[in-house]
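# Reading the structure
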Amino acid sequence: YRDGHDVEKDEGKEMYHLELAAIGGHPEARYNLGCHEWNNDNIERAVKHWIIAANQGSDDSIKHLMENFKDGYVSKGDLAAALRAHQAAVDATKSPQREA
């Protein structure tokens with residue numbers, strides 16, 4: 001719905017489906033919600049979405065959080081917690097079978 005490929009472009013439906021996916025635990029959907037909030041000047045909401053996505057293992061969210069830490073939008077404590085949770089999520093996906 002975002003780009004209008006094979007369907008009519010519809011931001012309302014795009015947001016509805018992003019929210020459903022984010023609630024369902026999809027980190028990239030959560031990251032995209034953060035980007036949408038950022039573009040609409042909802043900085044605090046964007047940061048919250050990126051923290052949740054980072055906790056689920058989203059590398060892009062970590063990058064945005066680090067950039068926004070430098071700009072003063074993310075506290076040191078929030079960034080540190082997000083980094084720890086991100087690493088835990090990444091470690092949880094590792095297994096000997098995947099490493100082979």
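The notes below deal with the structure included here. This is a predicted model, so every value here is computed, not measured. (Residues numbered from 1 in each chain as written. Predicted model: local features only at pLDDT ≥ 70, side-chain atom pairs only at ≥ 80, totals over all residues. Heavy atoms only, no water.)

## Notes on unusual backbone geometry
Of note in this structure, Asp 41 is not a glycine but carries a positive phi near 60 degrees. As for its placement among the helices and strands, Asp 41 is situated in the loop between helix 2 (27-39) and helix 3 (43-55). (Helix = DSSP H or I, 4+ residues; strand = E, 2+ residues; numbered from the N terminus.)

## Quick word on the packing of aromatic side chains
For the coordinates displayed, the defined rule picks out 2 aromatic pairs. Judged by centre distance (5.7 Å) and plane angle (35 degrees), the ring pair of Trp 38 and Trp 50 falls under tilted. Remark: Trp 50 occurs in helix 3 and Trp 38 occurs in helix 2; sequence separation between them is 12 residues. The class of Trp 38 is partly exposed, set by a relative accessible area of 28%. Taking the centre distance of 5.7 Å and the plane angle of 85 degrees together, the rings of Trp 38 and Tyr 73 count as edge-to-face. Of this pair, Trp 38 sits in helix 2 while Tyr 73 sits in the loop between helix 4 (59-70) and helix 5 (76-92), and the two are 35 residues apart along the sequence. Residue classification places Tyr 73 among the partly exposed positions, given a relative accessible area of 46%. (Phe/Tyr/Trp six-rings, centres within 6.5 Å; stacked < 30°, edge-to-face > 60°. Buried < 20%, exposed > 50% of the residue type's maximum accessible area, 1.4 Å probe, protein only.)

## Points about the pattern of salt bridges
Here the structure, examined in full by the defined rule, presents 2 salt bridges. Between Arg 45 and Glu 37 there is a salt bridge whose closest N-O contact spans 3.3 Å. In this structure, the salt-bridge partner of Lys 94 is Asp 91, at a minimum N-O distance of 4.0 Å. Here Lys 94 falls in the partly exposed class, since its relative accessible area comes to 48%. (Salt bridge = Lys/Arg side-chain N within 4 Å of Asp/Glu carboxyl O.)

## Brief notes about the nonpolar core
One finds Tyr 31, Val 47, Trp 50, Ala 54, Leu 65 and Val 74 to be the most contacted residues of the largest nonpolar core, which totals 14 residues. Among the secondary structure elements, those contributing two or more residues to this core are helix 2, helix 3, helix 4 and helix 5. Here this core gets 7 residues from one element, more than from any other, and that element is helix 3. Beyond its immediate chain neighbours, meaning those up to four positions away, Tyr 31 contacts Trp 50, Ala 53, Ser 58, Asp 60, Ser 61 and His 64. Among the nonpolar cores identified, the runner-up in size contains 5 residues, and Met 15, Ala 22, Ala 29 and Leu 33 belong to it. (Core = buried A, V, L, I, M, F, W, Y, C linked by side-chain atoms within 4.5 Å. Contact = heavy atoms within 4.5 Å.)

## What about the environment of Ile 62?
Looking at where Ile 62 falls in the secondary structure, it is placed in helix 4. On the basis of relative accessibility, which here comes to 8%, the residue Ile 62 falls in the buried class. Note: C-alpha distance between Ile 62 and Ile 51 (11 residues apart in sequence) is 7.8 Å. Apart from the residues lying within four places of it in its own chain, the contact partners of Ile 62 are Ala 54, Ala 82, Leu 83 and His 86.

## Remarks on the environment of Arg 30
Of note, Arg 30 is situated in helix 2. Taking the relative accessible area as the measure of exposure, Arg 30 reaches 14% and is therefore buried. Residues Arg 30 and Ile 52 lie 22 residues apart in sequence; the distance between their C-alpha atoms is 7.2 Å. Setting aside anything within four residues of it in sequence, one finds Arg 30 in contact with Ala 22, Ile 23, His 49, Ile 52, Ala 53 and Gln 56.

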